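A structural walkthrough
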Amino acid sequence: PVTLKGKWVVHSKFGRQFEASEIVYTLPVNIDGLAAWLKWYGQFIGSVKAQKLVDEFGMDFGRILTEDSQQIAIAAAIPIESVNMLAEKWQRHAGMVAAASQFAAWGLTQFETESILARFGGGAVSMIADDPYMLLGRVDGFGWAKVDALAAKVGVKGDDPRRLRGAVQSVV
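Residues numbered from 1 in each chain as written. Predicted model: local features only at pLDDT ≥ 70, side-chain atom pairs only at ≥ 80, totals over all residues. Heavy atoms only, no water.

1. Details of helix H7 (residues 110-120)
Just so we agree on the cut-off: When accessible area is computed with a 1.4 Å probe and restricted to protein chains, residues below 20% of their type maximum are described as buried, those above 50% as exposed, and intermediate ones as partly exposed. For the purposes of this entry, the term helix denotes a DSSP run of H or I that reaches at least four residues, the term strand denotes a run of E that reaches at least two, and both are numbered from the N terminus. Comment: arc refers to directions from the helix axis out to C-beta atoms.
All of the buried residues in H7 are Glu112, Thr113, Ile116, Leu117 and Phe120. All buried residues of H7 project into a common sector of 125° when viewed along the axis, lining one side. Exposed and oriented more than 90 degrees from the buried face of H7 are Phe111 and Ala118. One or two steps after H7, the chain reaches Gly121, where phi turns positive at roughly 75°.

See below:
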């Protein structure tokens, strides 16, 4: 699913149309990945507080963060200013939050996640789910061992043709 940002225009021949200026891939936020995202980007939020927030607010975290940040500040026992900065990051990177949470759930680090998102944007999750071996030679730090381990987490079996193609590409 995607969210389109843009405006309505009237075309002389085709009438009213939506003119998209940006496409944001909208993925559901992964609970495990959300905890990692909070740990990575939340000032004063470590692993324990991140997990506490996820346990307490679950999939409503984003809504509560943007609508009633005071609840988050109280639950995590952190300054409201820090929560407001986190809410700003959440809003600014809305299209990437779900992608980052999925990558964290697959075991990728913050640096790896940011490298992939910088290269491919919000559509990276579906691209990698379709063929994780496409990372070979395209993103620094993703050699055969890392990509093959990621592919296993994505669900690629040992005899999958994508794996064979990736192995040949890696060797060549």
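Read on, since the account is not over.
2. Things to note about the packing of aromatic side chains
Here the distance between the centres and the angle between the planes together describe a pair of aromatic rings. Definition in use: Geometry of aromatic contacts follows a simple scheme: Phe, Tyr and Trp rings, the Trp one being its six-membered ring, pair when their centres are within 6.5 Å, and the pair is stacked under 30 degrees between planes, edge-to-face over 60, tilted otherwise.
The final tally for this structure, using the stated rule, is 7 aromatic pairs. Ring centres of Trp37 and Trp90 lie 5.2 Å apart, and the angle between their planes is 85°; this geometry places the pair in the edge-to-face category. Of this pair, Trp37 sits in helix H1 (residues 31-41) while Trp90 sits in helix H5 (residues 80-92), and the two are 53 residues apart along the sequence. Take Trp37: its relative accessible area is 2%, and that puts it in the buried class.

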